[in-house]
Amino acid sequence: ASAMIKRYIGLGNALNVTALNAIGMKYVCLLNANELNVIDSNSLKLASLNLSACSQLAKDILYAKAKRAFSDQHYLPAYYGLIEPYLGGAPGADLRDLSKDNVNMKVSTLAKLRTDSLMSLTPSEVQGLLGMNLGDLEKWQNKFPIREWVQRQKQSELDKLHVGLTGGTQEGYMNIVIPKFQPPSSAPLGTVAMTLHFLPALLISFLMMSVLS
């Protein structure tokens, strides 16, 4: 199927709505970046695509095309329903804009957003996106990537959502991501453990010396 699609494009044929529907949802994700860029943005107005199996690059390209295709309806209530299938490629800035429009996004859609875009959102912005679906967020808080998003937020900000989210950063603390690999070290394990044990005291001593000097 992939070879047939490449042959079709190689003959100079356009990837319009007829071609996209003929290719089907399963094979659109097989197109490479050059082939995806051949797609006419306006064809997305009538095509029915499911991008869940596509690469992140494909989602990014198709989101940009969908945004252009539906730009004339951006301020209409129907806009969210049109752009929603393509939000897996949306940058954080566009999601922040959507958070002001009462779109009532499903948490399942939130979980399929670009990871970097999701991590850039504040609790209040997520609240704006989810709207009446905010209460469902608690059911997802132990699933990727919602769990990682929760861990990046201040617990005090999560508490303002009043949906029972836990695991955020407490005031005066910060979450530290520990690498999965062990860096090479010639120091014995006991020595490393002892150093870590005395580290807070050493830091306090250093700070006091800096103040007094």
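Values in this document were obtained by computation on a predicted structure and should not be read as measured data.

**Some points on the overall build of the chain**
Part 1 of the argument: Helix and strand counts for the chain come out as 13 helices and zero strands.
Part 2 of the argument: Its helices and strands taken in sequence order, the chain reads α-α-α-α-α-α-α-α-α-α-α-α-α from the N to the C terminus.
Part 3 of the argument: The burial tally for the chain puts 36% of its 213 residues in the buried class.
Part 4 of the argument: Put simply, 59% of the contacts in the chain that link residues at least 6 apart link residues at least 24 apart.

**Here we look at the confidence of the model for the chain**
Part 1 of the argument: Per-residue confidence for the chain averages 82 on the pLDDT scale, and 78% of its residues sit at or above 70.
Part 2 of the argument: This stretch, residues 177-213, has a pLDDT under 50; its non-local contacts, to residues over four places away or in other chains, come to one contact.

**Quick look at the state of the cysteines**
Part 1 of the argument: Inspection of every chain in the model, using the stated rule, returns one disulfide.
Part 2 of the argument: Here C29 engages in a disulfide with C54; their sulfurs sit 1.9 Å apart. Torsion about the S-S bond of the C29 and C54 cystine: about -80°, corresponding to left-handed handedness. Of this pair, C29 sits in the loop between α3 (25-28) and α4 (33-37) while C54 sits in the loop between α4 and α5 (56-69), and the two are 25 residues apart along the sequence. Assigned by exposure class, C29 and C54 land together as buried.

**Notes on the environment of L49**
Part 1 of the argument: For L49, the position within the fold is in the loop between α4 and α5.
Part 2 of the argument: A relative accessible area of 11% means that L49 is categorised as buried.
Part 3 of the argument: For the pair L49 and Y86, spaced 37 residues apart in the sequence, the C-alpha separation amounts to 8.8 Å.

**Looking at the side chain of E125**
Part 1 of the argument: Topologically, E125 is positioned in helix α10 (residues 123-130).
Part 2 of the argument: One buried charge, E125, has no salt-bridge partner; the nearest side chain with opposite charge is R96, at 4.2 Å.
Part 3 of the argument: Reaching out from E125, the side chain makes a polar contact with the backbone nitrogen of T122 at a distance of 2.9 Å.

Reading guide: rules and limits
Residues numbered from 1 in each chain as written. Predicted model: local features only at pLDDT ≥ 70, side-chain atom pairs only at ≥ 80, totals over all residues. Heavy atoms only, no water. Helix = DSSP H or I, 4+ residues; strand = E, 2+ residues; numbered from the N terminus. Buried < 20%, exposed > 50% of the residue type's maximum accessible area, 1.4 Å probe, protein only. Contact = heavy atoms within 4.5 Å. pLDDT = per-residue confidence, 0-100. Disulfide = S-S within 2.5 Å. Lys, Arg positive; Asp, Glu negative; His and termini not counted. Salt bridge = Lys/Arg side-chain N within 4 Å of Asp/Glu carboxyl O. Polar contact = N/O pair within 3.5 Å; in protein donor to acceptor, adjacent residues only side chain to side chain.

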